[in-house]
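Here's the letter readout for the chains.
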Amino acid sequence: MSVDSALFHSALLALTPILLAALGGAICERAGVFNIGLEGMMLIGCFSAVAGSWFTGSAWLGVLFAAFSSAAYAMILAVGTISLRGDAVVLGVALNLLAVGLTGFLLRTVFGVQGTFSDPDLAGLGTVDLAFLGPVLSGHSPLVYVSWAAVAVAAVFLARHPWGLRLRGVGEAPDAAATLGVSPAKYQYAAVLTGGLLCGLAGAQLALGNVTLFSENMTAGRGWIAVVAVMLGRALPLGVLLAGLLFGVAEAVGFRLQGNGLPPQATDAAPYVVTLVALFLSTARRRRRKQPESLLGASS
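None of these values were measured; they are calculated from a predicted model.

Calculation rules
Residues numbered from 1 in each chain as written. Predicted model: local features only at pLDDT ≥ 70, side-chain atom pairs only at ≥ 80, totals over all residues. Heavy atoms only, no water. Phe/Tyr/Trp six-rings, centres within 6.5 Å; stacked < 30°, edge-to-face > 60°. Helix = DSSP H or I, 4+ residues; strand = E, 2+ residues; numbered from the N terminus. Buried < 20%, exposed > 50% of the residue type's maximum accessible area, 1.4 Å probe, protein only. Salt bridge = Lys/Arg side-chain N within 4 Å of Asp/Glu carboxyl O. Expected span 1.5 Å × (residues − 1). Bend = angle between axes of the 7 residues up to and from the residue.

Draft legend 1. Examining the packing of aromatic side chains more closely. For the coordinates displayed, the defined rule picks out six aromatic pairs. Judged by centre distance (5.3 Å) and plane angle (85 degrees), the ring pair of phenylalanine 47 and phenylalanine 214 falls under edge-to-face. With a gap of 167 residues between them, phenylalanine 47 in helix α2 (residues 38-56) and phenylalanine 214 in strand β2 (residues 214-215) connect regions that are remote in the sequence. Residue classification places phenylalanine 214 among the buried positions, given a relative accessible area of 0%. Among the aromatic side chains, those forming a connected cluster through ring pairs are Phe47, Trp54, Phe55, Phe111, Phe117 and Phe214.

Draft legend 2. Structural view of the pattern of salt bridges. For the structure on display, the rule yields two salt bridges. Here arginine 108 makes a salt bridge to glutamate 216, at a shortest N to O gap of 3.3 Å. One end of the pair, arginine 108, is in helix α4 (residues 88-110); the other, glutamate 216, is in the loop between β2 and α10 (222-232), with 108 residues separating them in the sequence. We note a salt bridge from glutamate 251 to arginine 222, for which the minimum N-O separation is 2.9 Å. Taken together, the positions of glutamate 251 in helix α11 (residues 237-259) and arginine 222 in helix α10 put the pair 29 residues apart, joining distant regions of the chain. According to the relative accessible area criterion, glutamate 251 is buried, its value standing at 10%.

Draft legend 3. Looking closely at unusual backbone geometry. Positive phi, normally seen in glycine, also occurs at asparagine 217, with a value near 55 degrees. Position of asparagine 217 relative to the elements: it lies in the loop between β2 and α10. We note that arginine 234 has phi near 55 degrees; this positive angle belongs to a residue other than glycine. The topology assignment puts arginine 234 in the loop between α10 and α11.

Draft legend 4. Summary view of helix α3 (residues 59-83). Along its 25 residues, α3 runs 35 Å from first to last C-alpha, staying within 8% of the 36 Å computed at 1.5 Å per residue. At leucine 77, α3 is deflected by roughly 25 degrees, the largest bend along its length.

If you want it as structure tokens, here you go:
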């Protein structure tokens, strides 16, 4: 297998949906809400983007429709976990399962097809030619560049902006934040809705940027990989970017190996194998760090 600019170009393309969804999950995590429903929100974004683009004839209206639809879908998680004090993991899994059935039903109802909807008249996002950036960074859809900007904005927001600092305070010590006049519920609602919006953009990129179609369950576990990226990146924007890049490279390598004749079942598993290995190594590293601390505590 050759390593060239096309491989890294493909890796950045594969990175973008994971990165956008993982940023949404990281913001929720910072606010104290563990969002495991990224997969379902992204899938809703995929369908909404294609439906919006098809009925309006504009890919960008499809992107807006995807963002708002996923944010509205995220309201289920927000109400269930914040207002009703439900279990975030149970609700997240339920949202993921519901999204699979709901989009499959809507595919048959709205488009009258089963499995995959594709049409030559479906407007995609297209690409932006920035030749001065080189072959790796140029020629991507606009949402790829939006995702890079989102990392920088999220990093500055969480580290410097008063709202970002309050958001972190709500996630770390909600009772203390409440005593200072900060409403934990408002910040958590805002975080979950922002997470849903970013998942909608992730779905739009996947359905209108990476390809131009909708297929049942087309997210194929990318939302779960985004959850792992949040964990590996410790809910930090730069950490999430690095973790997502690892999975993007794994997916690009899998596609390249498939082109070289390896069975698609083996190559499709590459990102998930990398996910398991990275999660195992991260867990082992944390355990090694905790052992010296426990020994020091015992000696004192």
